[in-house]
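Architecture at a glance
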Amino acid sequence: MSASLIILIPLLPLLGFLINGIGFPNIPKGAVGIIGTLAVVASFVLSVMTFNAFLASGSEPFIVPLFDWISVGDLNIPFSFQVDQLSLLMLMIITGVGSLIHIYSIGYMHHDSGFGKFFAYLNLFLFFMLLLVLGSNYVIMFIGWEGVGLCSYLLIGFWNKNTNYNNAARKAFIMNRVGDLGFLLGIFTIIATFGSVEYSEVFSQATSFQTGDPVIITITLFLFIGAMGKSAQIPLYTWLPDAMAGPTPVSALIHAATMVTAGIYMVIRSNVLYSLAPSTLEIVGVIGAATALFAASIGLLQNDIKKVLAYSTVSQLGYMFMGLGAMAYSASMFHVITHAFFKALLFLGAGSVIHAMSDEQDIRSMGGLRKKLPVTFLTFLIATIAISGIPPFAGFFSKDEILAHVFERNKLLWVIGVLGSLMTSFYMFRLLFLTFFGTFRGTHEQEHHLHESPASMTVPLIILAVLSALGGFIGVPEALHGTHHLAEFMSPLYDAARQVNPTAFEPTALSHSEEYLLMGVSVAVALVSAIVAYVMYVQKAAVPAPDSQEKSGLQKLVYNKYFVDEIYDSVFVKSIKTLSNILYSFGEFFIDLIVNATVRVISFLAGLLRKTQTGSTGDYVFAMVLGIVVILFWKLLL
């Protein structure tokens, strides 16, 4: 594979951004969709070619140097790309799922006046995301990291005439900056420790450090703070549910399949450092488990179709971090892949429902849609089964592998993971039944408008449904007499980590019977939850109460998301605003005082000097003689 073709992978979406961005609003909508989509599809084709060439050449990682970038003293930071197993997997996810979402967006956003701007922003996002995963060092990763944050801000607030949407965009931007500060401090510490930011140099030097070294723990904690922000983990998770303010394709691409998994990518990329810091991994695992359970519990009572999926995303990201905490790097990446399939499908399916329901998002106003939207229903059903962890769909293989690794490390976290699975299955089937079963509960106008989405929207749904059903077979465990192709493919990534912490990469100590038991518990829990949801919302036809109806204390607590947003608002937002106003008033007073005092002093001195300008020649001669006397006196005496 030539270097020039690899360079084109991120450059093509950038070119699409420039054409549609500069041409907006003069380029016709038909051309905008074709240009924006072809740029991403071409990147996907090049990614597949690169993947095949990589396998044909013996799966040897290589660097593609572009130019020397920063040289300061002994620090040299080249602008170069690294092609290896991890970057190739991310390329396939980003460009593959990205292509389907671009095609979907042609139908979904067709009537929007900002159609060209929307595609320009999507293309720009993909450029930065590809830069993030292709970079050969932490600084290029950070550029992509900040770039996707910017695009997230632009796309969440895309409908910027709505103040609430603008507030959601600003919230996401600010909360991510908090995490990014930690990431930046981690990069600075890496430079101070290793004298480089190149992955190859940093990781080779890291093998000489002892396990539990304080410097390595500091670096990994700083990097994890960045991951908590980008991948929406406690306490920096509240921006993601609000990010649903953006158009639904944005939720599918950025806030489900790609950007929010950047934190997991970063930890897997830094696996050598994290394998040297077991105490950091414990923190990662605990925060992941807490996030998985906490977000899942909130999802139980949400009634906005996109908000349910948003909290589901936060919860699933928690599972990925649970896996990372157990050093199950390949299992976490496996869940990143399967999650990209079924969560993108769920969001796009929700978008199809919203499209048919004339922009209604409250599932209490839906019902009985499976007859009017058969393709959307079947694909949504497949995605629901997949995320619930029911075999043989994709989520079963990836989630159960994570839970098995967690069981070996920490039984309590495994129990939390199983409880999260129980809640996940319940709220997803609750969503499915309330939306597609029963009788229609919306208005007559909405019912009259109901129709299946156009082919540009349903074809991506069908492709993602196939991937959600079959994607798990790339990692069938040995206990099920399969081959874990993904783990074998990713194995060379952990050579240095095996060197520093060999015990962490030993084969599982679980017997096949124990693995079957763990699988059985997980599947049984998911099935029981699905049955309970069926009884409640199909047989008994229960419908969540309107917001005006009084709720019990626990229901009120969960429905209001444990009042975390209100707590943050009181503790951080209002206090910072108050402090800012005080400092503003304080600063304004003293600045005005200094400025006004300076003006008055200058005016006073000017008035005195003005009096010396009498217009009399005698006065001027006298002043000159007096000056000469003073100078002579000064010289003679001093």
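Notes on the structure in this doc start here. If you're wondering where the values come from, they're calculated on a predicted model, not measured in any experiment.

Observations concerning the overall build of the protein
Secondary structure summary: the protein contains 26 helices and two strands in total. With the principal axes as the frame, the protein shows a C-alpha extent of 110 × 65 × 55 Å. Considering the protein as a whole, with its 638 residues, one finds that 53% of them fall into the buried category. A sequence separation of at least 24 residues applies to 81% of the contacts in the protein between residues at least 6 apart.

Details of the side chain of Asp213
Note on placement: Asp213 falls in the loop between helix H7 (199–206) and helix H8 (214–230). Salt bridges are absent for the buried Asp213, whose nearest opposite-charge side chain, Arg409, sits at 19 Å. A polar atom in the side chain of Asp213 sits 2.9 Å from the backbone nitrogen of Val215.

Quick word on the nonpolar core
Within the largest apolar cluster, 185 residues are counted, with the highest numbers of intra-cluster contacts made by Tyr138, Leu273, Met333 and Met490. Counting residues per element, this core draws most heavily on helix H15 (residues 329–356), which supplies 17 residues. With near-sequence residues (within four places) excluded, Leu273 lies in contact with Tyr138, Phe194, Val202, Phe203, Ala206, Ile216, Ile219, Thr220 and Leu223. Ranked by size, the runner-up nonpolar core spans 18 residues in total, among them Ala404, Val418, Leu510 and Val525.

A few points about the packing of helix H5 (residues 138–156) against helix H6 (residues 163–194)
Relative orientation of the contacting elements H5 and H6 amounts to 175°, with a least axis distance of 9 Å. Of the possible angle classes, the one that applies to H5 and H6 is roughly antiparallel. Contacts between H5 and H6 involve Tyr138, Val139, Met141, Phe142, Trp145, Glu146, Gly149, Leu150, Tyr153 and Ile156 from the first element and Tyr165, Ala168, Ala169, Arg170, Ala172, Phe173, Arg177, Asp180, Phe183, Leu184, Ile187 and Ile190 from the second. When the residues that make up the contact of H5 with H6 are grouped by side-chain class, the tally is 17 nonpolar, one polar and four charged.

Description of the pattern of salt bridges
Evaluated as defined, the whole model comprises nine salt bridges. For the salt bridge of Arg177 with Glu146, the shortest nitrogen-to-oxygen distance reads 3.4 Å. Here Arg177 is found in helix H6, whereas its partner Glu146 is found in helix H5, with 31 residues between them in sequence. Note that Lys171 is salt-bridged to Asp242, the shortest N-O span being 2.8 Å. Taken together, the positions of Lys171 in helix H6 and Asp242 in helix H9 (residues 239–242) put the pair 71 residues apart, joining distant regions of the chain. Look at the salt bridges and you will find they share partners, linking Glu146, Arg177 and Asp180 into a network.

A few points about unusual backbone geometry
Looking along the chain, the bond that leaves Phe24 and enters Pro25 is cis, with omega of 5°. For Pro25, the position within the fold is in the loop between helix H1 (3–23) and helix H2 (29–56). In the segment running from Ile234 into Pro235, the intervening peptide bond is cis, with an omega of 5°. The topology assignment puts Pro235 in the loop between H8 and H9. Despite not being glycine, Ser358 shows a phi value in the positive range, around 55°. Examined against the element boundaries, Ser358 turns out to sit in the loop between H15 and helix H16 (374–388). Even without being glycine, His481 reaches a positive phi, approximately 60°. Tracing the chain through its elements places His481 in the loop between helix H20 (455–470) and helix H21 (485–490). Since its relative accessible area comes to 73%, His481 is described here as exposed.

Some points on the packing of aromatic side chains
How two aromatic rings sit relative to each other is given by the distance of their centres and the angle of their planes. In the structure shown here, the tally under the stated rule is 38 aromatic pairs. For the ring pair Phe224 and Phe321, a centre distance of 5.7 Å and an interplane angle of 70° mean the geometry is edge-to-face. You can see Phe224 sitting in helix H8 and its partner Phe321 sitting in helix H14 (residues 305–325), a full 97 residues away along the chain. Like Phe224, the residue Phe321 is buried in the burial classification. Centroid distance Phe377 to Phe437: 5.6 Å. Interplanar angle 70°. Geometry classified as edge-to-face. In this pair, Phe377 sits in helix H16 while Phe437 sits in the loop between helix H18 (411–436) and helix H19 (444–449), placing the two residues 60 residues apart along the sequence. A residue is classified by how much of its surface remains accessible, and Phe377, at 11% relative accessible area, is buried. Phe437 gets classed as buried once you look at its relative accessible area, which sits at 17%. By the ring-pair criterion, three or more aromatic residues cluster together here, those being Phe115, Phe118, Phe119, Tyr121, Phe158, Trp159 and Tyr165. Positioned over the ring face of Phe173 is Arg177, at 4.3 Å from the centre of the ring.

What counts as what
- Residues numbered from 1 in each chain as written.
- Predicted model: local features only at pLDDT ≥ 70, side-chain atom pairs only at ≥ 80, totals over all residues.
- Heavy atoms only, no water.
- Helix = DSSP H or I, 4+ residues; strand = E, 2+ residues; numbered from the N terminus.
- Buried < 20%, exposed > 50% of the residue type's maximum accessible area, 1.4 Å probe, protein only.
- Contact = heavy atoms within 4.5 Å.
- Lys, Arg positive; Asp, Glu negative; His and termini not counted.
- Salt bridge = Lys/Arg side-chain N within 4 Å of Asp/Glu carboxyl O.
- Polar contact = N/O pair within 3.5 Å; in protein donor to acceptor, adjacent residues only side chain to side chain.
- Core = buried A, V, L, I, M, F, W, Y, C linked by side-chain atoms within 4.5 Å.
- Axes fitted to C-alpha atoms, helices over the stretch in contact; angles between N-to-C directions.
- Parallel < 35°, antiparallel > 145°, perpendicular 65-115°, else oblique.
- Nonpolar A, V, L, I, M, F, W, Y, C, P; charged D, E, K, R; others polar.
- Phe/Tyr/Trp six-rings, centres within 6.5 Å; stacked < 30°, edge-to-face > 60°.
- Lys NZ or Arg CZ within 6 Å of the ring centre and 35° of its normal.

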